[in-house]
Amino acid sequence: MLSSPFITTPGSVSQIMLRVLLALIPGIAAYVWYFGPAILVSIALASVTALATEALMLKLRNRPLKPFLSDNSALITAWLLALSIPPLAPWWMVVVGTAFGIAVAKHLYGGLGNNIFNPAMIGYAVLIISFPGHMTHWLTPHAIGLLELPFADQLNYIFHGILPAGLTLDAVTTATPLDTLKTQLHLGLSVNDIREMPIYGFLGGKGGEMVALGFAVGGIYMLAARIITWYLPLVYLAALFSIAGFFHLYDPAHYASPMFHWFSGAAMLGAFFIFTDPVGSPTTRQGKVIYAAGAALLTWLIRTFGGFPDGVAFAALLMNICVPLIDAYTQPKVFGMKGDGK
Amino acid sequence: MKRIARSTLQTAINLVFFAVLATAILASVFFLTRDAIKKSEEAEKMKLINQIVPSTLFDNNIIKDTLTIPANELLGTEDNTLAYRARLKGEPSAVVLESIAPDGFSGRIWLILAVRANGELAGVRVVTHKETPGLGDYIELPKSPWIKNFDGKSRAGYKDADWKVKKDGGQFDYMAGATITPRAVVKAVNKALVYFEQNRDKLFAPSPQQSPRPLAGEGKL
Amino acid sequence: MNLQEYKDIFYNGLWKQNPGIVQLLGLCPLLAVSSTVVNAVSLGLATSLVMALSNLSIAPIRSYVPNEIRIPVFILIIAVLVTVVQYLMNAYMYGLYVVLGIFIPLIVTNCIVLARVEAFASKNSALPSAMDGLAMGLGLTAVLGVLGAMREVIGKGTLFSGIDLALGDMAQGWVLHIIPDYKGFLIAILPPGAFIGLGLLIAGRNWLNLRAAQKARSKPAPTPLASPEAAQG
Amino acid sequence: MRTLFRFHGGIHPDEHKLESSESPARRAPLAKKLVLPLHQHIGNGAKVAVQVGDRVLKGQMLAGAQGMISAAIHAPTSGTVTAVAPHPVPHPSRLGGLCIHLESDGEDRWIALAPLDFHAMPKSELLGKLRDAGIVGLGGATFPTHVKYGLAPGQRIDTLVINGAECEPWITTDDRLMREHAEGIVRGIEVLRHLSGAAEVLVGIEDNKPQAIAAMRAACAAAPIEVVVVPTLYPSGGEKQLIRILTGKEVPSGGRPTNIGVACNNVATAYAIHRFVDHGEPMISRQVTVTGNVRVPQNIEVLIGTPLAEVVACAEALPGTSGYILGGPMMGLHVDDLHLPMVKSANCIIAKSGQLFPPPPPAMPCIRCTRCAQACPADLQPQDLYWFAKSNNFGKTQEFHLFDCIECGACAYVCPSHIPLVQYFRFAKSEIWQREREAQSAEVARERHEFRQFRIEREKQEKAERLAQKEKAALAAKPAVPAPLPVAADPNADPDNTLQMRVDADIARANMQMRIDAAVARAKEQAAIVQPKNTDDLTPHQQAEITEIETRRAKLREIASHAGADDEPSKSN
Amino acid sequence: MTEYLLILVGTVLVNNIVMVKILGLCPFMGVSKKLEAAVGMGAATTFVLTLGSGASYLIQHYLLGPDLAYLTTLSFIVVIAGIVQFTEMAIKKTSPELYQILGIYLPLITTNCAVLGIPLLNVQAKHDFMESLLFGFGGAVGFTLVMILFAGIRERLEGADVPGIFKGSAIAMVTAGLMSLAFMGFSGLVR
Amino acid sequence: MITALLVMIGISLALGAVLGFSAIKFKVEGNPLVEKIDAVLPQTQCGQCGYPGCKPYAEAIAKGEADINKCPPGGEEGIRKLADLLGVDYKPFGEGAAPKAKAVAFIDEQTCIGCTLCLQACPVDAIAGAAKQMHTIIASECTGCELCVEPCPVDCISMKLIPEDISNWKWPYPVYALTPVRNEARKVEAS
Ligand SMILES: Cc1cc2nc3c(=O)[nH]c(=O)nc-3n(C[C@H](O)[C@H](O)[C@H](O)COP(=O)(O)O)c2cc1C
Ligand SMILES: Cc1cc2nc3c(=O)[nH]c(=O)nc-3n(C[C@H](O)[C@H](O)[C@H](O)COP(=O)(O)O)c2cc1C
Ligand SMILES: Cc1cc2nc3c(=O)[nH]c(=O)nc-3n(C[C@H](O)[C@H](O)[C@H](O)COP(=O)(O)O)c2cc1C
Ligand SMILES: Cc1cc2nc3c(=O)[nH]c(=O)nc-3n(C[C@H](O)[C@H](O)[C@H](O)CO)c2cc1C
Ligand code: SF4
Ligand code: SF4
Ligand code: SF4
Ligand code: SF4
Ligand code: FES
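Small disclaimer: the values here were computed from a predicted structure and weren't measured.

Trainee: Which residues make up the domain arrangement of chain A, and what values do they have?
Mentor: Residue and element names in this part refer to chain A. Domain annotation for chain A reports domain 1 (12-174) and domain 2 (176-328). Inter-centroid distance (C-alpha atoms) of domain 1 to domain 2 is 20 Å. Tallying the contact residues gives 34 residues for domain 1 and 31 residues for domain 2. Note on domain 1 versus domain 2: buried area summed over both sides is about 2700 Å², and carbon and sulfur give 80% of it. Our enumeration of links across domain 1 and domain 2 arrives at 0 salt bridges. For the pair domain 1 and domain 2, the interface holds 1 residue pair in polar contact (both at pLDDT 80 or more). Among the residues forming the side of domain 1 that touches domain 2, the class breakdown is 26 nonpolar, 7 polar and 1 charged.

What follows is the structure, encoded as structure tokens:
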């Protein structure tokens, strides 16, 4: 049945997804620059797993492989997941997280476009809950005078779980800046004292802040390419800034500055790449604003009071739950229903 | 109106009949099993006590030799608890205390600890906790022997600064990535020892009052 | 009641109308205590016992209970039975009693108990009712057992851990370590694992049914994909 | 300078207008055989007014308007009516419709024509004349023009909007018409202005037609008509959108322009009115753009009923043509069969080729990117409509305002997943209509059933009463016992009430009888003209049933003929 | 005040009775296919649970005391059944419209194990009267909240291309699982 | 033991009184559900459900005596609507109960002997005619219930499929590559 319209735009899903991948590259480059190439190993591992899982699930579901394997969406899931777990995570963790995200959160719901939950964040949540120990060992940034593990040894640890003799994992890794802030605050230090520690830079964690900047650059490219709408990231960042700012002003010793919240953890990644996942976010403009503001509040709450070092992933999942309702209650007025019809 | 009253009464009586029947059955079973229940609860407690108080240390019926301790900040308790006294030939040899570490990673950690008369720890066990399985749960004995670190430690041997995990400059080991849990436990044990120092005499006083209800703390077990 | 009818009762309870994966009743204990096989099966058996007894004792009196107090009276009876079971466990299986915790008294409100009383015992005579209660209980127990095994193996790499709580100290050596040196996959023994595991079991049952139906028809299922030509037509 | 308003969304596809807009419009040669569908407009089809075999003159009415929303059909040329029979018509179903088949005699002889002094006659008469002249909107929906101006009491039109936007790509008929016949269009607008009584007349033209704008400006110079240039943005030519652009008012959802005091007509409609009023010519032809994969893209004046093949032949389709679009690429209809006749709604014929209209890539799932929602001029959420239509959740599609969709296709155009969104919406709409029809007939059936129950009950009662009466009479015949009073002692029975009920029932029955009569007549009429033709794409099951019935009938006939009194062969189908 | 607020946040989000405590699942799965039904069930449960928590506190403290603790389950459930009946009656009398909406859900509440679970947890945690009330109310609000969110998701899932064998309750279970995974994000917010 | 009994007697006496009172005072009146169910049924009055008409079937459903999958003219859509209304699961038609394509009765005018038997059978008065005269079906009123076919002594009534024409044509479900065919049935109908 051929029916109008008979013309379409040349764009395609795989092209959109490809551009998202491109937009991730500045951040990844910064990552490699500051923390070494181990992250590339995770990304590669996650990508292979994602594609393999995708293929397997498509086969089981009796769907054609080619169009879906080439839509690049599984790669985004893989990259985002790899970027949100420590580069030193053992290989099987990367595999388990990616496979779980793609198989359960994506394909049990019908694959691309049908999922309720963000597959990458489901993968992350499963990992941090199941293997919290591994999930809190992050590489130290270059050149801050801390012990660094050579790349070959990193590989050895990722694939065999072996560290060079005499080294403990603790010696060559740190908790993330957010994590450290939280534990040190518990010990009674003030924010300012903690920020004096060597892992912190001028905005957030050393290195991490640059990575976040890289993601922001990619995000601006996506805005320019009209892949994402401007208000979702803007509202998210603005809301996070205001909440954090309010409490920082109220008690600077106990609440980190808004800039710190922006540039540490996954805030930038979240603002531009995670919360913007079109499949899991509301479609109405008003809905997106509510979603972004809610996500910001949850991020800050979990970061500040919760049990996890970063709140972005759980904020995304919790807001995913609310999306159908948000959508239902924020339907815009249609043509001819605005005001008095004048 | 009369009809309503009659039906109301009838229904009520009907229900009362069943209620009486039910209560009677229930009460009988309760009384029949009461002793057995008490026994198994005591046996359970004894098992725990036996783990931390060497059998060479006492010859009395520890379970029966109790002292009610009111809620105390040093023990972290908010309710009455029982102290069990071990005596060898009538001489006090050790006391078993309950303590709560309030600042575990996921809330409170219930501890039971035995202190010898000389202020040395005979043993510490975690009774209940909600720490992350696989991460913070190495304080449980079956998972790791970490808790045995406390055996033989005392406030005479370690100064206050030593009652900390090594990461914070103290003497106690910890598992990387999960420092919060041991921190809480070490702090709680140290405070319990302080309590022991302060109340030593009271604790070992021969008790005139035998507690009528040996089931305190059951809610937590 | 003939043999066939009893067979039907059991087939219903164990498969066709299985409370856990078909009727979706009695879910709370099913999900909450299925982190190990031992817990799961113990609670399942306790529930089965209560169900059989409650059906057995309610069926004979069903015609004497006035309609308006039917539910309170049924619940009263169930509550007595549950409490009796609770005391017995408290007295003679203390460890297990502590582990199962609040879920023993909650058998009272376990929907499946009242559902069977209402749906079966209030319409049938005593013996078939007891059988129905037992069958449904065992159906629940079976699901509990499978789910427990799944979660335990994936979550901890063991089977039958804690069996000493149910069978006494002599059973301590019976714990199987299926996967040696297993790191543990915590999610499986946390609530999410319970939900997802049950989801997988339900899907598994659907799959078995589907396959049986396909075999019965013994011809290939219609291809689920439209050919590209169809797009143009 | 007028302040213009924006409507939400809109798209700007490649225009492809220059191909056909630069050469003057020609006239297509006269075809030998013309086919005129009776149903060329929204509303009821026209009612045939000629007999097979009649010789007719050009401009003679062949079928008259039937009912309120309907318009007449006229002979496009002189010739003979050869049949009134189904013929494939331009419709997405590819089904046939009833058509008048006309064989031209080549003389192209007009019936006597006379111009109209429209000022001199009452409005209602003028409207009737428009209807009988077959004037329908040429802008798209072919809505009979007279209906738009038959205002309900209390309604007023303040603004008349003349639609010269021609926003769809490829189409240039309005453009050419405005360049070549601006004077005529303005004459037509004068008639519409008179009809509507509008104080303000606005002609909206997209800014990509400078020559047309200039021509119209020149023609309107003397009249109180304002030519407004609107930005090129599809679908600015949609009635609601154009009204919004020009006046800032929104036609209420589910409402019509008249609700906000606006009327809207297309320029070609205005021109057709001019031809009728000033020359007496009914609507027998229209101008159509033939473009796409053809050698000489151009505009052609074509008689209604001309086979499309002959129209396309004027422009010479090039090799590689793989079908045609009747209408524009955004809203048009795909046709393969060039036997289809030219109809009043056809403003464009585009020859498709793989190069110009590559088949869309396979559709992917919706990723909720909301590009469609951003493009939708009706402010809808196409991704949600699609989600629900796809899963047959029609209740929800209605909640999400499916019926405010104007099927403009902007959403499908921008969709990166290439989902045929509009097709889903059409599917959902027709399912809902079907359901409404079914619900209505269920309602009727229920009423009829209840009425029947009531009737049977009453008849029983009456019978019983009659019996009782008889008995009573019998009793009365025996004068021994004094008869009781005839009024029933039942205190509940209110005699007036029962009487009322009976009267009601009688009225109902009379009504029913009228309906039945009408239905019988209708059924007869239909049986006479429609040869049920739906035997070639039946399911095997249906086929089997039909054969079964046929064999049964055959047997019956056999028995009947054996009985053989008056053995007229049964002519049942 | 802050303390009560924390109890509320704790029971509604952090220790949500469905997602974390795993209670009340049968109505959660059974009555969440439609949004309106979910709202109705939630409202009815909230009413009964709040009343039930208060009433059971009174019974526990003024009727049973420590000596009759073995009657706890029995008396609680009987009283709850009574409250359900009473609620049904009261609503029917005072607001027929509300009864139209909630009517069919009320009898189902008796077998919602949260309704007995929360009073029992109250006893176990030695809550005082106000805390018991809040605990009951918060638990019910948490129940209602996830029920409504879940119903929204399930309505949307109807259009999803879910694999055949997962259609219906299987995918609903998986969804509930992923929801509880997300709810774990609240852990630690209120200790 | 005595206190236990007294407490339980007290509780149950109060509860029983409340329930007994409410049972009399608030008797359930007529069932509005029947109307709602009846509104969903197609009103063909064909009796294929095993009840003498749509309303009786509706009453049977409301009482819980009949399944919801017994009305072939209602089609799957009808079952779905009933399932929605009653909050139960969708249930497919049993073997041999599948709905047929829509049809209307047609009387062979040559054979009809005017016996009025069909006229009496038609539940919606869709047959016009009088004794000894040729009868006609009023196609627009005929629901296609087939009840008139059986009684005709000369078998002159047949059911005719309603032909598809432009006025009742429906847009088909869009089928395109990559998307599973969800509406097998609909496609067959529409093609
Ligand atoms: C899900 C999760 C669970 C955790 N559970 C515990 C725990 O039970 N005990 C603990 O001490 N730390 C736990 N942590 C780790 C703390 O957040 C923190 O990183 C750590 O205790 C302090 O780091 P350090 O050991 O490097 O000083 C957990 C972390 C996560 C993400
Ligand atoms: C049943 C019906 C009644 C209508 N009545 C009026 C009317 O009274 N006045 C009017 O201006 N337009 C009327 N319209 C016309 C529409 O508003 C609109 O002009 C027509 O459908 C053509 O719009 P389009 O080509 O933009 O689709 C009517 C349309 C329909 C379908
Ligand atoms: C999406 C869309 C685009 C349209 N574009 C035009 C157009 O470009 N020019 C036009 O005259 N009518 C267009 N129409 C039709 C108008 O809505 C409207 O029906 C017409 O202008 C009324 O005039 P008529 O009754 O004289 O045809 C379009 C309709 C739709 C739904
Ligand atoms: C802007 C944008 C952001 C995306 N973010 C995510 C993400 O956070 N996690 C993910 O798994 N996929 C992401 N995707 C990919 C894709 O939408 C996702 O895999 C779908 O959820 C799969 O159905 C993103 C895609 C786009 C276009
Ligand atoms: S444009 Fe297409 S993919 Fe994007 S939301 Fe709309 S329908 Fe979905
Ligand atoms: S076709 Fe309908 S939904 Fe799509 S853009 Fe046009 S009006 Fe909006
Ligand atoms: S089968 Fe359906 S249409 Fe026929 S009588 Fe029964 S309910 Fe009515
Ligand atoms: S005419 Fe026949 S098929 Fe039609 S409604 Fe009447 S009895 Fe039924
Ligand atoms: S078992 Fe908890 S609600 Fe059914």
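Still more to cover.
Trainee: Before we move on, could you go through the interface of chain D and chain A and cite the residues and values that matter?
Mentor: With 55 residues of chain D in contact, the opposing surface of chain A contributes 42 residues. For the pair chain D and chain A, the summed buried surface comes to about 3900 Å²; carbon and sulfur atoms form 60% of the total. Three residues, D:Glu250, D:Ile367 and D:Arg368, lead the burial of chain D against chain A; their summed loss comes to 18% of the area buried on that side. The interface formed by chain D and chain A contains 1 salt bridge. At the junction of chain D and chain A, the tally comes to 17 residue pairs in polar contact (both at pLDDT 80 or more). For the side of chain D that touches chain A, the element with the most residues is helix H10 (residues 382-390) of chain D, which contributes 4 residues.

Trainee: How would you summarise the site of ligand 5 if you had to cite specific residues and measurements?
Mentor: Around ligand 5, the neighbouring residues are D:Cys366, D:Ile367, D:Arg368, D:Cys369, D:Thr370, D:Arg371, D:Cys372, D:Gln383, D:Cys415, D:Pro416, D:Ser417 and D:Leu421. Here the shell around ligand 5 is built from residues that sort into 7 nonpolar, 3 polar and 2 charged.

Trainee: Can you tell me about the site of ligand 6, naming the residues and giving the values?
Mentor: The local shell around ligand 6 holds 14 residues, among which D:Cys376, D:Cys405, D:Cys408, D:Gly409 and D:Cys411 are the closest. Among the residues making up the shell around ligand 6, the classes are represented as 12 nonpolar, 1 polar and 1 charged.

Trainee: Break down the nonpolar core for me, citing the residues and quoting the values.
Mentor: By size, the foremost hydrophobic cluster in this structure holds 299 residues, and its most contacted members are A:Tyr236, A:Phe273, C:Leu198, E:Phe28 and E:Leu178. Among the elements that make up this core, the one with the highest residue count is helix H5 (residues 70-92) of chain C (15 residues). Sequence-distant contacts of A:Phe273, that is, excluding residues within four places in its chain, are made with A:Val20, A:Ala23, A:Leu24, A:Leu80, A:Phe215, A:Gly218, A:Gly219, A:Met222 and A:Met268. Membership of the second largest hydrophobic core comes to 47 residues, among which are D:Phe118, D:Val267, D:Ala268 and D:Val277.

Reading the values: rules and limits
In this convention, every chain numbers its residues from 1, walking through the sequence in written order. Lettering of chains starts at A and numbering of ligands starts at 1, both following the order in which they are written. The predicted origin of the model limits local features to residues at a pLDDT of at least 70 and limits the giving and counting of side-chain atom pairs to 80 or more, whereas totals for whole chains, interfaces and linings rest on all residues. Processing note: side-chain calculations cover all non-hydrogen atoms of the structure and skip hydrogens and water entirely. The split into domains, and so the bounds of each, comes from an automatic or database assignment of domains. By definition in these notes, contact holds between two residues if any of their heavy atoms fall within 4.5 Å. Here the quantity called buried area is the accessible surface, traced with a 1.4 Å probe, that two parts lose on coming together, added over both. Each reported salt bridge corresponds to a side-chain nitrogen of Lys or Arg within 4 Å of a carboxyl oxygen of Asp or Glu. Identification of polar contacts relies on pairs of N or O atoms within 3.5 Å, with a donor-acceptor requirement for protein atoms, meaning one able to donate a hydrogen and the other able to accept it, and with residues adjacent in sequence counted only if both atoms are side-chain atoms. For this scheme, ten residues count as nonpolar: Ala, Val, Leu, Ile, Met, Phe, Trp, Tyr, Cys and Pro. Four count as charged, namely Asp, Glu, Lys and Arg, and the remainder, Gly too, count as polar. Strands are runs of DSSP state E lasting at least 2 residues, helices are runs of H or I lasting at least 4, and numbering of each runs from the N terminus. For this purpose, a residue is taken to be near a molecule or strand whenever a single non-hydrogen atom of the residue falls within 4 Å of it. Throughout, nonpolar core names a set of buried Ala, Val, Leu, Ile, Met, Phe, Trp, Tyr and Cys residues whose side chains join them through atoms within 4.5 Å. Only protein chains enter the accessibility calculation, which uses a 1.4 Å probe; a residue whose area is less than 20% of its type maximum is buried, one above 50% is exposed, and one in between is partly exposed.

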